[in-house]
Amino acid sequence: MSNIFKIAILPGDGIGPEVMKQAIKVLNKIKHFLNINIITNEYSVGGSAIDKYGEALPKKTLLGCENSNAILFGSVGGPKWDYLPLNKRPEKGSLLKLRKHFDLFTNLRPAYIYNNLFTLSPLKKNIINKGFNILCIRELTGGIYFGNPSGRKGNGINEYSFDTEIYYRFEIERIAHMAFNFALQRNKIICSIDKANILNTSIMWREILTNLSHQYSKVKLEFMYIDNAVMQLMKNPSQFDVILSTNLFGDIISDQCAMITGSIGNLPSASLNNKFFGLYEPAGGSAPDIAGKNIANPIAQILSLSMMIEYSLKNKIISKKIENAIKKVLKAGYRTQDLFTNQLNEKIVTTEDMGTLITEFII
Ligand code: NAD
């Protein structure tokens, strides 16, 4: 790796710029611990780029990302741009384009519950007390979201619409290798979610995974139908280590994983290609309902930075420093509004304060 690491910073819309500012505070602190020269450049994306340049992903932004080692993304979208045709809107016009352009086929969504935040989870005490630590791996550039044909035809009662769920062997093989390798660094159990009792794509998915599992004899591979998986996640999330799924099922199951942790404001994500070039972003959206109020939770954005340090910079020691600082801040009772449950030691803080506290707790 060269001695320079360039990060393209894309704050986007809504709470994006507010929470990104906090991640940059953290980056400025940990820069000195990293044995590498960090260079950051900020670019417009999403609705704010539409307002400024007439498109959600201006050429300058794409070029800036191409010339970087990783992308730190905020969030895009909001009611102001909802009148636009779907493929011109902030999300489809920028985020989906970036995922396809950089072939970011592996989406990682860690979901774990912090000791001090058990009361936030909608799950019952006897379930949540067992804790959980899940890595959701979602295939991100294939399947029904990109399959052709897709469209709408006919008239009257014969009008119909259709989408195509399609997976190539190479797409399944590459996400499977990623999942096996991530499982090797954890508790070595993969639960692959599918609908192999109905869908051909799921049958092929199972076959390929089963064959590849012989190359990873230390990893236990299990399968579960999606309908059972959503129930099991509510009943006993502690049974899962790595959850692997297609694009569509992963979209659903990763949000359910988010919900059982209590707040989407805590959850980061990484989208990687096979060279480990990554786009790192919070799991949530631009939260227009709370934007500009200095109340958004910046933890997901800060943890997205931490994932960048772990996966793109391969520096687990520094990413752990950030995670530990967050744990300490939460243990001390500091809460943004979304995390506040009116417990005795809890103190509500602003977005700015939370960013500053986490930065100060990094040692
Ligand atoms: P959302 O995630 O923005 O908000 C859902 C709820 O979670 C809201 O009540 C919001 O206040 C809360 N929330 C989200 N992040 C939070 C944080 N960090 N701290 C505290 N509370 C937080 O989802 P939505 O309302 O469905 O979508 C709003 C906009 O965001 C839409 O335009 C949508 O298209 C866009 N969106 C963007 C992305 C992305 O950029 N990756 C992802 C999802 C949605």
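What counts and what doesn't
- Residues numbered from 1 in each chain as written.
- Predicted model: local features only at pLDDT ≥ 70, side-chain atom pairs only at ≥ 80, totals over all residues.
- Heavy atoms only, no water.
- Helix = DSSP H or I, 4+ residues; strand = E, 2+ residues; numbered from the N terminus.
- Contact = heavy atoms within 4.5 Å.
- Patch = residues over 30% accessible without salt bridge, like charges linked within 9 Å, V, L, I, M, F, W, Y side chains within 5 Å.
- Areas by Shrake-Rupley, 256 points an atom, 1.4 Å probe, with all protein chains shown as cover.
- Salt bridge = Lys/Arg side-chain N within 4 Å of Asp/Glu carboxyl O.
- Pairing = 2+ DSSP bridges.
- Axes fitted to C-alpha atoms, helices over the stretch in contact; angles between N-to-C directions.
- Phe/Tyr/Trp six-rings, centres within 6.5 Å; stacked < 30°, edge-to-face > 60°.
- Lys NZ or Arg CZ within 6 Å of the ring centre and 35° of its normal.
- Domains from an automatic or database assignment.
- Buried area = accessible area lost by both parts, 1.4 Å probe.
- Polar contact = N/O pair within 3.5 Å; in protein donor to acceptor, adjacent residues only side chain to side chain.
- Nonpolar A, V, L, I, M, F, W, Y, C, P; charged D, E, K, R; others polar.

Assignment of secondary structure puts methionine 354 in helix H12 (residues 351–361). Between the C-alpha atom of methionine 354 and that of methionine 204, which follows or precedes it by 150 residues, the distance is 46 Å. Look past the residues within four positions of methionine 354 in its chain and what remains in contact with it is Pro298, Ile299, Val329, Leu330, Tyr334, Arg335, Thr336 and Val349.

Quick look at a nonpolar patch on the surface now. Residues Ile166, Tyr168 and Phe170 make up a contiguous nonpolar surface patch of about 300 Å² in total accessible area. Among the structural elements, tyrosine 168 can be located in the loop between strand E7 (160–162) and helix H6 (169–184).

Another point: the sheet that holds strand E4 (residues 106–112). As summarised here, the arrangement of the 10 strands in space is E2-E1-E3-E12-E11-E4-E5-E10-E8-E9, forming an open sheet in which the pairing is mixed. The sheet is open, and its two edges are formed by strand E2 (37–42) and strand E9 (220–225), each paired on a single side. Each neighbouring strand pair of the sheet contributes to a mean axis angle of 20°, computed without reference to strand direction. Summarising the sheet, strand E1 (residues 4–12) and strand E3 (residues 70–75) pair through 5 bridges and their orientation is parallel. Looking across to E3, one finds that glycine 12 is bridged to serine 75. Along the sheet, helix H1 (residues 16–30) makes contact with E1, E2 and E3, crossing E1 at roughly 155°.

A few words on the packing of aromatic side chains. Following the criterion strictly, the structure yields 8 aromatic pairs and no others. One aromatic cluster is present, formed by Phe182, Phe276 and Tyr311 through successive ring pairs. The ring of phenylalanine 146 is capped by lysine 100, whose NZ or CZ atom sits 4.4 Å from the centre of that ring. Note that lysine 347 overlies the ring of tyrosine 334, its terminal NZ or CZ placed 5.0 Å from the centroid.

Moving on, we get to the domain arrangement of the chain. Parsing the chain into structural domains produces domain 1 (1–111 + 264–363) and domain 2 (122–260). On a C-alpha basis, the centroid separation for the pair domain 1 and domain 2 is 25 Å. Overall, the association of domain 1 and domain 2 removes approximately 1800 Å² of surface from exposure, summing both partners, and the carbon and sulfur fraction of that is 62%. For domain 1, the biggest contributors to the area lost against domain 2 are Phe105, Arg109 and Ala111; these three give 38% of the whole. Linking domain 1 to domain 2 there are 2 salt bridges. Put simply, aspartate 103 and arginine 174 hold a salt bridge, and the shortest N to O gap is 3.0 Å. Run the count over domain 1 and domain 2 and you get 8 residue pairs in polar contact (both at pLDDT 80 or more). When residues of the side of domain 1 that touches domain 2 are traced back to their parent elements, those giving at least two are helix H4 (90–101), E4 and strand E11 (268–272). Here the side of domain 1 that touches domain 2 takes 6 residues from E4, the largest share from any one element. Residue composition of the side of domain 1 that touches domain 2, grouped by class: 10 nonpolar, 5 polar and 4 charged.

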